[in-house]
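For reference, the chains in residue letters:
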Amino acid sequence: MAPHPQESDALRGSIDLLVLKALALEPMHGWGIGLRIQQISRGRLEVNQGSLYPALQRLEHRGWVESDWQSTENNRRARYYSLTKLGRKALGEEVDKWKRFAATMAIVLES
Amino acid sequence: MSRLKGLVARMRSVIGAQSSEQRMEEEFDFHLEMETKRLIEREGLSPREARRRALVSFGGLDTHREEMRDGRGARWLDETMVDLRYALRTMRGSPGFAVAVAVTLGVGIGVNGIVFGAIDSLLFRPIPTHDPSKLVALFNLDTKSKQPFSLGYEDYVDFRDKSNAFDGLAAMTDMPLNLAVPWSTGVADMVWGSLVTENYFTVLGMRPTVGRFFTAADAPQGANPFAVLSYDCWQSRFAGDSSVVGKTIRLNGTGFTVLGVAPPGFKGMRTFGFWPEIFVPIGMHNIAIPGSTHQLEGRGGGNLMVVGRMRQGMDRPRTEAASVGFAAQLASAFPATNATTSAIVIPAAGGFDNPAYVKPRVLFLSSALGVFASLVTMIIICANLANLQLARLAARVQEIAIRLSLGCSRERLVRQMIIESSVVALPGVAIAFATLPLSGPVEALMVPHLQFRVGFGTTVNDRIMWFTGLVAVLAVALFGLIPAIRASSARSLTSLVGSPRTAPGRSSRLRAVLVVSQLALSVMLLVGATLFVRSLLVERGNDIGFDSRNRAMFSTNVGLQSYDEARGRRYYDDVLARVRALPEVANATWGFPVPFDTYGRDVALYVDGVPTSSKDGTFAAQASMMAEDFVGALGFRLEAGREFTTNDSAGAPRVMVVSRHFASHVWPGKNPIGQRVRRGGASGPEATVVGVVGDATFASLGQSSASRVYFPLRQAYRDWETLIIHTHGDAASLISKLRPVITAADPALPIFGVTTMDDAVSGGFSTSRTAASIAGFFGGLALLISSVGLYAVVANGVSERTREIGIRVALGSTPGEVMRLVMQGGARLGFVGLVIGLGGAAVVARLMCALLHGLSAADPITFALVPVVLAVIVFVATFIPARRAVKLDPVAALRSD
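What counts and what doesn't
- Residues numbered from 1 in each chain as written.
- Chains lettered and ligands numbered in written order.
- Predicted model: local features only at pLDDT ≥ 70, side-chain atom pairs only at ≥ 80, totals over all residues.
- Helix = DSSP H or I, 4+ residues; strand = E, 2+ residues; numbered from the N terminus.
- Buried ≥ 20, exposed ≤ 12 C-beta atoms within 10 Å, placed from the backbone.
- Contact = placed C-beta atoms within 7 Å.
- Pairing = 2+ DSSP bridges.
- Axes fitted to C-alpha atoms, helices over the stretch in contact; angles between N-to-C directions.
- Parallel < 35°, antiparallel > 145°, perpendicular 65-115°, else oblique.
- Nonpolar A, V, L, I, M, F, W, Y, C, P; charged D, E, K, R; others polar.
- Left-handed = near helix turned anticlockwise from the far one by under 90°.
- Core = buried A, V, L, I, M, F, W, Y, C linked by C-beta atoms within 7 Å.

A few words on the overall build of chain A. When you go through chain A residue by residue, the secondary structure sums to four helices and three strands. For chain A, the sequential pattern of α-helices and β-strands runs α-β-α-α-β-β-α. By the burial criterion, 32% of the 111 residues in chain A qualify as buried. Restricting the contact set of chain A to residue pairs at least 6 apart, pairs at least 24 apart contribute 48%.

Structure (structure tokens):
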């Protein structure tokens, strides 16, 4: 992914969507989210890990996720993020949108 | 909701920037640590290599840091700080501009605040009590004439006890009192007092500052010599000393115990009354108003102002409906007195007065004109500042163009401009707030100086602060936004960039529009101001009909001190003898009312054969009671016959003197001397006209007081008279010498209204003079600012056209032609502004008509003078830059780019 901070809207949107998806299961810290995205995508999506944090901040400002300090299993302090009710709803909508977009792209590209 | 939450999160992150930064660093550290650990454990890398790989997969640390700072608004804050610093630096760079902005804005906004304050205190003068909005005033309403009038005591008692329309109803009537303070050395003084029902302060819901108010126990007639002081009275006469409670003061010669002090800010309930200093129970009317035997009687009208509290859940219309219903019951119960008496209920939250007294048109007009003048001045100032900003902007075209091409966003540019304007405006806003406390002194200039205090009692309150703040914000928006938007719009930018060599662009057109509107508005203000000044001059230029020089006035009210007629007459003669014996005194007389006293007095007259519209054949005329020698002592002109002498006494044939105006109206074409007039009606006492005096002005406000009759004091006793002393030499310097001579006749009797006739005459014009000077201030200020604006536009035009002028001169244009070229543009702006302004001024002048005494709204001198003044100003404002254009060296001018 591009290192430039001014990523395109589509790219930003897809990171947001991946973060939301990763958080759907359970609250998680930033590093864990990156790891989970890798796991779910079986290593095929190499997310620039640092760009997760601006995305998380964005989602928090939008009221889709919230965060607080918690302890990890190894008693290390970490910022845990979780989906809000609004975020859960938004995830559903964003997934639908993405699917429609992908399907449209597929039609266009395969014709 | 989510937006709100987001906004809160964003605000928190901006405010707590430090902790956000810490949180970010901690999260990044945690991430890298976990990733490094994972790489060591899973992939068996060395710690160093693992750390390196972790950093690589994280991406640029600083990039992410920056992005997060942007995301939480830190960049916005940074940029704002930069803009602020930049603005401060620019301001330091052009101190002249900064001072101009500060002073003009300060004056403009401050004036708006002060004008608003005066109107605010007139409209919303708060009665210092709880829930004042529940207070209403009750008046009788004549069902035929629809005129409201005050109540008689018995009707008031019935309304209070039986109508069930009010939650408490109180009554009052005002009068002057002779106040003497036995434990102080000060001489007796005349103060304004209020006779109130014992429930007065209870109904108003007030708490005493010290002591207590009246109670029901204070109701019995004549047995309750108690007094409550106003806060102002307590402060000024008793130095705010609480020990005054329980002490005895003397009112009209009788001892009254001070019970307590009313709350600060309470100036009585009447809007257009004097401010009462002392409140006395109405049961003491015999002493407060000597001879008032019927005060606690009467129906179908009386002298009581009635104020009450509305019942729970009632509003004014329902309270009025209930009162009208009860008035109808009274009308059927007492048809002899109340047959045509209904009721009217008006709001009293901010004080009240008989609606018939209020001249709403004049009041509304003065308020509207005040607001209009101050707002227009404000707009002119803003237009001028916008213009100056535009000029400064033109000088910064290069800078802006570079910044835009380097990717500076327009939003950012607009923001920067607004921040700059705000910074520049801030000192002005501070000045504006600092001028607000001037509202008190300004009011003191505006209200007439009467014997007792009147006014609105303007104080700086929250509403005034908010209003001033709002005006300030609007002003900054007005003068900051226009150049900001202009600066950021691409089209105008090209016109700005191109302007040095091309014809005037859109920007200069905008500036021309601003200047024309400034000039037009200034013309309107100037016409208004000139009309006021002309009106004052016309008023002053009128012959007042008597000689006011070297004359002093002293008033006294012997009735309040319970003198009977014989004692009163002895006192009048005694004082005249004492005063006339002084070598400095040329002449002296008693009279009431005398010219430029505050009072007027009507009498009904009957003249055989003179038709009138009234049933009993009488007509009203202004009348004065005068002692002998009044014509000489007052400097009247005796046009025919003789004046009063000591022989015109009680036993002698009744005589009178009439004014020229009266004589020519009542007996046109006939000799008035020897004509007979009856007082009061066809069967009243008959007096013979023995003299005619010239018409004299008795009041300032262009009142038609010329028709006046004079009766000899010795044949018509009055207990309130004014002593006029005609002195050899300056009267002002003799007042202190005359005063003890008069008080020696009776030290317990207060002497009031001490002044020279010249001062009284001058005071009579004070309101007009103040109106004229305030209007003149607005007009002059507006004109000055507009001329600066015009100068700036023309001067700017010259520098924009330097090249063109250079070419013209090189091609042989004469200096005269160049000058004409430059001045033509300015003259055109001036002409358009003048035409528009005169149109607007004609409308304003017609509205002002009611405030102009003896002056037509289309006063030709005003409408001729203003264009001349404007032409001169336009000439000066364009001549200076034009001369500079003429002096241009053509070679240098051509090279100027």
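Turning our eyes to something else, we now look at the overall build of chain B. The secondary structure content of chain B amounts to 29 helices and 22 strands. Taking all 897 residues of chain B together, the buried fraction comes to 44%. Counting contacts in chain B only where the partners sit at least 6 residues apart, residues at least 24 apart contribute 83% of the total.

What follows deals with the sheet that holds strand E1 (residues 28–29) of chain A. All names here are of chain A. The strand order across the open sheet built from three strands is E1-E3-E2, with neighbouring strands paired in antiparallel fashion. One side of each edge strand has no neighbouring strand; the edge strands of this open sheet are E1 and strand E2 (65–71). Summarising the sheet, E1 and strand E3 (residues 77–83) pair through two bridges and their orientation is antiparallel. When the bridges of E3 are listed, His29 appears paired with Tyr80. Where helix H3 (residues 52–61) meets the sheet, its contacts fall on E2 and E3, and the angle it forms with E2 comes to roughly 120°.

This part takes up unusual backbone geometry. Cis rather than trans, the peptide bond between Phe592 of chain B and Pro593 of chain B has omega equal to -15°. Inspection of the secondary structure puts Pro593 of chain B in the loop between strand E13 (585–592) and strand E14 (602–606). One non-glycine residue, Asn75 of chain A, lies in the positive phi region at around 60°. Inspection of the secondary structure puts Asn75 of chain A in the loop between E2 and E3. A tally of 6 C-beta atoms within 10 Å means that Asn75 of chain A is categorised as exposed. The backbone phi angle of Asp131 of chain B is positive, close to 50°, even though this residue is not glycine. Inspection of the secondary structure assignment puts Asp131 of chain B in the loop between helix H6 (95–124) and strand E1 (135–142).

Here we take up the packing of helix H2 (residues 30–40) of chain A against H3 of chain A. Residues and elements named next belong to chain A. At a closest axis distance of 10 Å, the pairing of H2 and H3 adopts a crossing angle of 110°. Relative to H3, the element H2 lies roughly perpendicular. Facing Gly30, Ile33 and Gly34 of H2, the residues of H3 in contact are Leu52, Tyr53 and Leu56. Looking at the contact of H2 with H3 residue by residue, the classes come out as four nonpolar, two polar and no charged.

Accessible area lost during the coming together of the parts is what is often quoted as the interface size. Each partner contributes to the interface: chain A provides 20 residues, whereas chain B provides 23 residues. Mapped onto the side of chain A that touches chain B, the elements with two or more residues apiece are H2, H3 and E3 of chain A. Top element by residues in the side of chain A that touches chain B is H3 of chain A. It accounts for six residues. In terms of residue class, the side of chain A that touches chain B is made up of seven nonpolar, eight polar and five charged.

This brings us to the packing of helix H20 (residues 565–580) of chain B against helix H23 (residues 735–743) of chain B. Residues and elements named next belong to chain B. The contact between H20 and H23 brings their axes to 9 Å, and the two run at 145°. Where H20 crosses over H23, the two elements pack in a sense that is right-handed. Between H20, through Val575, Arg578 and Val579, and H23, the contact on the second element is made entirely by Leu738, Val741 and Ile742. Looking at the contact of H20 with H23 residue by residue, the class counts come to five nonpolar, no polar and one charged.

The subject of this paragraph is the pairing of strand E8 (residues 254–261) of chain B. Residues and elements named next belong to chain B. Of the strand pairs in this sheet, strand E5 (residues 210–211) and E8 are connected by two bridges, and their pairing is antiparallel. Of the residues in E8, the one forming a bridge with Val210 is Val261. The pairing of strand E6 (residues 226–229) with E8 spans four bridges and is parallel. If you follow Leu229 over to E8, its bridge partner there is Val261.

Moving on: the nonpolar core. Residue and element names in this part refer to chain B. Leu105, Ala475, Val523, Leu525 and Leu790 are the most contacted members of the largest nonpolar core, which totals 92 residues. Examining the composition of this core, we find that 16 residues originate from one element, helix H19 (residues 506–541), more than from any other. Contacts of Ala475, omitting those with residues within four sequence positions, involve Leu105, Gly108, Ile109, Met378 and Cys382. Of all hydrophobic cores here, the second largest spans 75 residues; its members include Phe201, Leu204, Phe214 and Ile278.

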